[in-house]
Amino acid sequence: MQNALLIGLSRQMTLERQMDVIANNVANANTNGFKADHSLFEEFLNSNAREDNFIGADRRVSYVQDRGTYRDIGQGPMEPTNNPLDMAIDGNAYFAVQANGGELFTRDGKFSLNSTGQLVTPDGNLVLGTGGPITFQPTDHDINVAPDGTITVLEGTAKTDSIRGKIRMASFDDPAKLTKLGANLYAAGSATQQANAKSSVRQGYVEKSNVNSVGEMTRMVEVMRSYTAIANLLQQQSDLHKSAIEKLADVPA
């Protein structure tokens with residue numbers, strides 16, 4: 001296969017994977033706490049096919065290679081909900097939850113209570129405090145969440161606050177190293193937990209996705225146009241090659 005076709009094919013393959021990343025971002029533009037992913041590309045140099053009887057070294061061919069993706073850990077906009085159980089983290093920390101038999105992490109603070117009064121995520125995973133799952137009593141009211149995550153309530157006709165727990169905010173040395181599991185959950189992966197000193201909880205808010213919908217749609221159009229342009233170029237190269245073969249066939253032996 002000609003080098004031009006190989007180079008074009010390598011670019012089309014990376015564009016296809018880039019489109020998958022963009023499509024996933026667009027699909028999660030309204031997912032609470034979602035962090036957008038972006039593609040990374042690099043040049044890959046390689047020698048083309050050769051025979052030993054050629055004089056001099058072959059020119060190196062420049063291919064396109066997708067190196068991987070990186071996560072935008074920037075904070076999404078805060079949306080007020082007026083729901084006392086909704087919480088958003090102002091900072092780079094994560095809510096700790098009990099899921100899949102272990103401890104995982106999320107930025108989605110759209111919480112509610114299950115049938116036993118425990119604080120849970122939209123998928124029913126237990127929200128963890130510094131002392132384990134947080135449980136409310138049937139007579140609790142006037143729920144208040146302090147910026148440090150301490151949850152207090154008024155129980156029944158009591159006039160003094162009762163503490164129900166403290167939201168555990170997990171911080172990491174490099175949040176980009178967290179492993180994305182889907183369903184808005186992350187595993188620690190190679191990231192190391194550290195003491196939380198800067199993040200705080202905002203009650204009555206949820207963090208929205210940090211996806212820039214207009215920017216993602218613009219990139220989607222750019223990818224589609226690039227893919228089409230390369231397809232046209234490859235077709236022209238194929239037609240040129242076919243035409244050359246037909247003309248050579250007409251040359252007298």
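Before reading further, recall that the structure is shown in the block above.
If you're wondering where the values come from, they're calculated on a predicted model, not measured in any experiment. (Residues numbered from 1 in each chain as written. Predicted model: local features only at pLDDT ≥ 70, side-chain atom pairs only at ≥ 80, totals over all residues. Heavy atoms only, no water.)

*Asks:* I would appreciate a short explanation of the nonpolar core in the present structure.
*Replies:* If you look at soluble globular proteins, the nonpolar side chains tend to sit buried side by side. Formed by 16 residues in total, the largest nonpolar core has its most connected members in Met87, Leu119, Phe136, Ile151 and Ile167. Going through the elements one at a time, strand E4 (87-90) and strand E12 (150-155) are the ones with two or more residues in this core. Among all residues touching Ile167, those that are not within four sequence positions of it are Met87, Phe95, Leu119, Val127, Leu128, Gly129, Ile134, Asp148, Gly149 and Ile151. Of all hydrophobic cores here, the second largest spans nine residues; its members include Tyr94, Ala96, Phe172 and Tyr186. (Core = buried A, V, L, I, M, F, W, Y, C linked by side-chain atoms within 4.5 Å. Buried < 20%, exposed > 50% of the residue type's maximum accessible area, 1.4 Å probe, protein only. Helix = DSSP H or I, 4+ residues; strand = E, 2+ residues; numbered from the N terminus. Contact = heavy atoms within 4.5 Å.)

*Asks:* Help me understand the packing of aromatic side chains, please; the structure alone is not making it clear to me.
*Replies:* Pairs of aromatic rings are described using the distance from one ring centre to the other and the angle between the two planes. One pass over the structure, following the stated rule, counts four aromatic pairs. With 5.0 Å between their ring centres and 80 degrees between their planes, Phe95 and Phe111 make a pair best called edge-to-face. Placement of the pair is Phe95 in strand E5 (residues 94-99) and Phe111 in the loop between strand E6 (102-106) and strand E7 (112-113), with a sequence separation of 16 residues. With 5.0 Å between their ring centres and 85 degrees between their planes, Phe105 and Phe172 make a pair best called edge-to-face. Note that Phe105 is positioned in strand E6 and Phe172 in strand E14 (residues 169-172), a separation of 67 residues in sequence. Overall, the relative accessible area of 4% leaves Phe172 in the buried class. (Phe/Tyr/Trp six-rings, centres within 6.5 Å; stacked < 30°, edge-to-face > 60°.)

*Asks:* What is the right way to look at the sheet that holds E12 in this model?
*Replies:* Sheet strands line up and pair through hydrogen bonds in the backbone, either parallel or antiparallel. Strand order in this open sheet of three strands is E11-E12-E13, and the pairing throughout is antiparallel. Whereas interior strands pair on both sides, the edge strands pair on one side only; in this sheet they are strand E11 (140-145) and strand E13 (162-166). Taking each pair of neighbouring strands and ignoring which way they run, the sheet shows an average axis angle of 25 degrees. Here E11 runs beside E12; their pairing, made up of four bridges, is antiparallel. Along E12, the bridge assignment pairs His141 with Leu154. (Pairing = 2+ DSSP bridges. Axes fitted to C-alpha atoms, helices over the stretch in contact; angles between N-to-C directions.)

*Asks:* Please clarify how the layout of surface pockets should be interpreted in this entry.
*Replies:* Regions of empty space are outlined by a rolling probe, equal in size to a water molecule, passed over the atoms. In this structure, the largest pocket encloses a volume near 190 Å³. Along its surface, the largest pocket is lined by 13 residues, and Asn92, Ser171, Gln194, Lys198 and Ser199 are the ones closest to its centre. For the lining of the largest pocket, the residue count by class is five nonpolar, six polar and two charged. (1 Å grid on protein atoms, 1.4 Å probe; cavity = no way out; pocket = protein on both sides within 12 Å on 5 of 7 lines; lining within 4 Å. Points joined across faces, edges and corners; volume = space filled by probe spheres on them. Nonpolar A, V, L, I, M, F, W, Y, C, P; charged D, E, K, R; others polar.)

*Asks:* Quick question: what am I supposed to make of the side chain of Asn28 here?
*Replies:* Its place among the elements puts Asn28 in the loop between helix H1 (3-27) and strand E1 (37-47). In this structure, Asn28 is in contact with Phe34 and Ser209, ignoring residues within four places of it in sequence.

*Asks:* What am I meant to see in H1 here?
*Replies:* Residues separated by three or four positions in an α-helix point in the same direction, a consequence of the helix having 3.6 residues per turn. In this model H1 runs 36 Å from its N-terminal to its C-terminal C-alpha over 25 residues, within 8% of the 36 Å that 1.5 Å per residue would give. Residues of H1 that are buried include every one of Gly8, Ser10, Gln12, Thr14, Leu15, Gln18, Val21, Ile22 and Asn25, and no others. (Expected span 1.5 Å × (residues − 1).)

*Asks:* Sorry, what's going on with the environment of Ile143 here?
*Replies:* Take Ile143: it is sitting in strand E11. Each C-alpha atom, one on Ile143 and one on Asp161, is 9.4 Å from the other, the two residues being 18 residues apart in sequence.

*Asks:* What is the right way to read the environment of Ile167 from this model?
*Replies:* Take Ile167: it is sitting in the loop between E13 and E14. In this structure the C-alpha to C-alpha distance between Ile167 and Ala146, which are 21 residues apart in sequence, comes to 9.6 Å.

*Asks:* Explain the pattern of salt bridges here, please?
*Replies:* Side chains that differ in charge, positive against negative, can pair when their charged atoms come close. The full count for this structure, using the stated rule, is eight salt bridges. Linking Lys180 and Asp37 is a salt bridge whose minimum nitrogen-to-oxygen distance equals 2.8 Å. Note that Lys180 is positioned in strand E15 (residues 179-182) and Asp37 in strand E1, a separation of 143 residues in sequence. In this structure, Arg168 engages Glu103 in a salt bridge whose closest nitrogen and oxygen atoms are separated by 2.2 Å. Of this pair, Arg168 sits in the loop between E13 and E14 while Glu103 sits in strand E6, and the two are 65 residues apart along the sequence. (Salt bridge = Lys/Arg side-chain N within 4 Å of Asp/Glu carboxyl O.)

*Asks:* Could you clarify how one ought to interpret the side chain of Thr150 in this entry?
*Replies:* Tracing the chain through its elements places Thr150 in strand E12. Here Thr150 is in contact with Asn144, Val145, Ile163, Gly165 and Lys166, once residues within four sequence places are set aside.

*Asks:* Explain the environment of Ser226 to me, please; I cannot follow it from the model alone.
*Replies:* Relative to the helices and strands, Ser226 resides in helix H2 (residues 213-250). Taking C-alpha positions, Ser226 is 8.0 Å from Leu15, a pair spaced 211 residues apart along the chain.

Everything listed is a geometric property; what it means functionally is a separate question.
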